[in-house]
Amino acid sequence: MQAFAQLLDSLSFESARNAKLRLIETYLRAAPDPDRGWALAALTGGLEFPAAKPAQLRGFGQEKIGEELFALSYDYVGDLAETLALIWETDPASGPPPSLGEVVETLQRATKTQTPAILKRWLDALDSTGRWALLKLLTGALRVGVSVRLAKQAAANIGHQPVDAVEEIWHGLSPPYRPLFDWLLSDGPRPQTNAGGAFLPPMLANPIDRAELDTLDPAHFRAEWKWDGIRVQVAASGGVKRLYSRAGEDVSNAFPDIVEAIDFDGVFDGELLVRREEAVAPFNDLQQRLNRKSVTPKMLKEHPAHVRLYDVLQLGDEDLRGLPFDERRARLEAWMAATPRARFDLSPLVSFRDWPHLAELREAMKSDGIEGLMLKRGDSSYLAGRPKGPWFKWKRDPMLADCVLMYAQRGHGKRSSFYSDFTFGCWRPARSETVEGKRELAPVGKAYFGFTDEELRWLDKWVRDHTTDRFGPVREVTQELVLEIAFDGIARSSRHKSGLALRFPRIHRIRRDKPAAEADTVDTLLQLLP
Amino acid sequence: MANDTLNPRSWLYPTPRGLYCEPGDFYVDPAVAVPRAVITHGHGDHARPGHRAALATPETLAIMRARFEDMPNTTQQPLAYGETVRLGEVDVRLAPAGHILGSAQAVLAFKGQRIVVSGDFKRRPDPTCPPFEPVPCDVFITEATFALPVFHHPSDAGEIGKLLRSLATFPERTHLVGVYALGKCQRVIKLLRAAGYDKRIWLHGALLPLCKLYQDHGIDLGDVAPASDAILETFKGAIVLCPPSAMADRWSRRFADPVAALCSGWMGVRARARQRGAELPLVISDHADWAELTQTLKDVGAPKVWVTHGREEALVHYARSIGIDAEALHLAGREEEGA
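Values in this document were obtained by computation on a predicted structure and should not be read as measured data. (Residues numbered from 1 in each chain as written. Chains lettered and ligands numbered in written order. Predicted model: local features only at pLDDT ≥ 70, side-chain atom pairs only at ≥ 80, totals over all residues.)

## Structural notes on the overall build of chain A
For the record, the criterion: Runs of H or I in DSSP of at least four residues are treated as helices and runs of E of at least two as strands, each being numbered from the N terminus. It is over C-alpha atoms that the radius of gyration is taken, and the globule rule equals 2.2 Å times the number of residues to the power 0.38. Contacts here follow a simple rule: the backbone-placed C-beta atoms of the two residues must lie within 7 Å.
The number of helices and strands found in chain A is 20 helices and 21 strands. The C-alpha atoms of chain A give 26 Å as radius of gyration, which agrees with the globular expectation for 530 residues (24 Å, within 12%). For chain A, long-range pairs separated by at least 24 residues make up 70% of all intrachain contacts whose partners lie at least 6 apart in sequence.

## As for the overall build of chain B
Heads up, the rule is: Neighbour density around each residue's C-beta defines its exposure: 20 or more other C-beta atoms within 10 Å make it buried, 12 or fewer make it exposed, and counts between make it partly exposed, where C-beta atoms are placed from the backbone.
Check the secondary structure of chain B and you find eight helices and 19 strands. The C-alpha radius of gyration computed for chain B amounts to 21 Å, which stays within 12% of the reference 20 Å derived for 339 residues, consistent with globular compactness. Of all 339 residues assigned to chain B, the portion counted as buried reaches 52%. Excluding contacts between residues fewer than 6 apart, the proportion of contacts in chain B whose partners are at least 24 apart in sequence is 60%.

## Quick word on the pairing of strand S9 (residues 104-110) of chain B
Residue and element names in this part refer to chain B. Put simply, the rule reads: For two strands to pair, DSSP has to find at least two bridges joining them.
With respect to burial, S9 is a largely interior element, six of its seven residues being buried. Pairing between strand S8 (residues 90-96) and S9: six bridges, direction antiparallel. The residue bridging Ala95 from the neighbouring strand is Gln105, located in S9. Two elements, S9 and strand S10 (residues 113-117), share five bridges in a ladder whose sense is antiparallel. Paired with Ala106 across the strands is Val117, a residue of S10.

## Section: the domain arrangement of chain B
Residue and element names in this part refer to chain B. So the rule is basically this: For every domain, the bounds stem from an assignment made automatically or drawn from a database. Three categories are distinguished: nonpolar for Ala, Val, Leu, Ile, Met, Phe, Trp, Tyr, Cys and Pro, charged for Asp, Glu, Lys and Arg, and polar for the others, with Gly belonging to the last.
According to the domain assignment, chain B consists of domain 1 (8-150 + 287-328) and domain 2 (156-282). One C-alpha centre belongs to domain 1, the other to domain 2; they are set 29 Å apart. Taken together, the contact pairs 15 residues of domain 1 with 15 residues of domain 2. Its residues assigned to classes, the side of domain 1 that touches domain 2 comprises eight nonpolar, four polar and three charged.

## Description of the interface of chain A and chain B
Contacts between the two partners involve 28 residues from chain A and, on the opposite side, 29 residues from chain B. Elements with a minimum of two residues in the side of chain A that touches chain B: helix H2 (17-30), helix H5 (67-77) and helix H6 (80-87) of chain A. By residue number, the principal contributor to the side of chain A that touches chain B is H5 of chain A, which donates six residues. Among the residues forming the side of chain A that touches chain B, the class breakdown is eleven nonpolar, nine polar and eight charged.

## Here's the deal with the domain arrangement of chain A
As far as domains go, chain A holds domain 1 (2-139), domain 2 (206-395) and domain 3 (399-526). For domain 1 of chain A and domain 2 of chain A, the distance between their C-alpha centroids amounts to 41 Å.

## Thoughts on the nonpolar core
What counts here: Put simply, a nonpolar core is a cluster of buried Ala, Val, Leu, Ile, Met, Phe, Trp, Tyr and Cys residues tied together by C-beta atoms within 7 Å.
If you look at the biggest cluster of nonpolar residues, it comprises 209 residues, and the most contacted ones within it are Leu108, Cys185, Val188, Val240, Leu241 and Ala261 of chain B. Dropping the residues within four chain positions of it, Val240 of chain B is found in contact with Thr174, Leu176, Val177, Trp202, Ala227, Phe235 and Phe255 of chain B.

## A closer look at the sheet that holds strand S2 (residues 221-227) of chain A
Residue and element names in this part refer to chain A. Reading across the sheet, the five strands line up as S1-S12-S11-S2-S10 and stay open at both edges, with mixed pairing between neighbours. A single partner strand is all that each edge strand has here, and the edge strands are strand S1 (206-207) and strand S10 (349-350). Sheet analysis places S2 next to S10, joined by two bridges and oriented antiparallel. Of the residues in S10, the one forming a bridge with Glu224 is Leu349.

## Re the environment of His99 of chain B
Residues and elements named next belong to chain B. Mapping His99 onto the fold places it in the loop between S8 and S9. Between the C-alpha atoms of His99 and Ile141, which are 42 residues apart in sequence, the distance is 15 Å. Other than its neighbours up to four places away in sequence, His99 contacts His41, Gly119, Asp120, Phe121, Lys122 and Asp286.

## Regarding unusual backbone geometry
Residues and elements named next belong to chain A. For the bond from Asp33 to Pro34, the omega torsion is 0°, close enough to zero to count as cis. Among the secondary structure elements, Pro34 is positioned in the loop between H2 and helix H3 (35-43). Residue Pro176 is reached from Pro175 by a cis peptide bond, and omega for that bond is 5°. Even without being a glycine, Asp187 presents a positive backbone phi close to 60°. Secondary-structure assignment places Asp187 in the loop between helix H12 (178-185) and S1.

This is the structure we're talking about:
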């Protein structure tokens, strides 16, 4: 448990992807079975302990140091699990700390009435980092900035395998993954993928722009609309039906309406959308349905999900990935035509004569549900990963707004000495009555890329020279620098002061020439709403 | 020793200039320049320049001379640990506080009553100074920097182990360790040496004078050198010590992909560590944690305790719960420093 706790502790302070990978790999190599398997399960969200209730924690703390001191402590720390981990004192007489395997296996068997006593014994035996990790494990919210994909990547790395080789077998495995580690680290056989509903690593596209298109022969390419939803894989075989995100996360629980509608065996790529009366709802509607462990009937009714299919990887037991795109497409169209299904439809091909024609079509398409175009070579077989050449995404030109820099925050890792995270705002009538008739800036977004290294150095110096106040790592600056912000979409948001949220904002240009008073207003942005 | 009829607040009390001892006509760690000061230790919020006369341990006076351009206009009165001197009607003795080199508690005796001004202190071993000496007294004035039950500083060796483990995991990255120039810096070097780290440790220029002073006082820091003397390639996998402010500064850009480690008692609380931008927070503190503070109240056995600078509320609450007459004492000029 201590080694796992140290891993979580280090991960929680490390922000660089490669460093996180190194930390996980180092742990997975050194930790014994079954601990490392349980750790991998914890990092990939595969562990749950329904008998352990975080609500007990406050009671534990008050019992330990009294209500008054516990209240002062919690008030200072601000996190219940961490407060308890810190106030609890290690009791050397309580024996050695438990291993991660012992923690997981005991908790899975323990009843609700047994759990408190077991927990207290472990809290006595662990150090404060160990206690913190134990409590995070119990509450199921590790929050150490590790995606499922990253954890699998680390596992693949220790066996010098591509991550897709792990993805392919992942859903046939269960914690503590002993056959996986036998294969990765000690010459064991590769685990078989005979389980139903296995995830097949997806093929991804590279971005392209108008100028680069001229180097390609339009006759070789097929075009599809790029839908503004979420790329998913529908996988069904052997009676198992699953819906996966692009990263291989099983999101079936959040979309029972889709899973119930699967009445076939096969693996398909498509775009997950919310659709009402034939129209695709804004991305925001889809977001309401994401990241939920269960959905209410109301949610199912008001935000009905739908998958728009654009590729077939497997039909029945037949693996089609070796076929060229045109043949897979023909198989997909024939299959769809044979049995129409309410929750699934076909993403149409967009026919075009040449690149200028396609550019016109792209310009003319104003629908909010479309992000741009996908271009796929007709002879491309389905290759996992992001191969260079066969598939491209040609996104719509971004929207632009002139905003004023308000705050800057220091970055992480290589950027830790630079002010590299920028919060910017637009003008609106002042809310405060004392400044009647005046305007104030309302923050509309935050961007931390889009600039060159040289621009970053310039911005960093500007921030240091124009600081008016400091809040921890954040500096407030004089409201005079205009930044041209590019973004892919805009939506109403109650979580933002300005009432709107920008999608994928980045700094497009630094407008040193433009007076701040001439920057855009919140109202102007609201007019861009779909 | 006890004198029940004498009110201790009648002869030692806070003023805007600092804690004033009336029958001795001196201030303890005053916030501004005064005619006569007793200084517990060399940190900036306790030792200030410009006093007409200053009494402190020889080590503390040396630190003050190093920081305040030799203090030619201050009459310096060195007092070694354990010796007693009479100022006015008050006997003054300095007892080790275990905080940094030269740190002392001021033990003040007047008409059979004894008040101990602890200054800053800690109880765990520190290779750069003698350990805290509990002095039985009528009134104990304690610091409260880490006076919450959430502060249980882990073992120093364990925290240094974290740093060495990170070096093993990231052997190509410079480990930039933020330390305060006085005390923390030299203690961290000694802890690294005790853990078997015998490579050269690089120092930011601001750390050099006080490291030299420690070495002159017989504290062996091993192989240390100014970071400015080396070419960048040297810093791959090296330990470089610098003041915390330098980590956010342009200075740190010379190092490729550094790991930002920060040594402070505050690092035990995650939100605080994140706020300070630490990637590798190390809980190494020169102040007593909750267990040390509460144990010290028991060890000195004072019926009255005055609690100053920090989280007074929790320690006052605790002291009262074990029958001590405790109250908060608000002193001018104390900031939350780098602990």
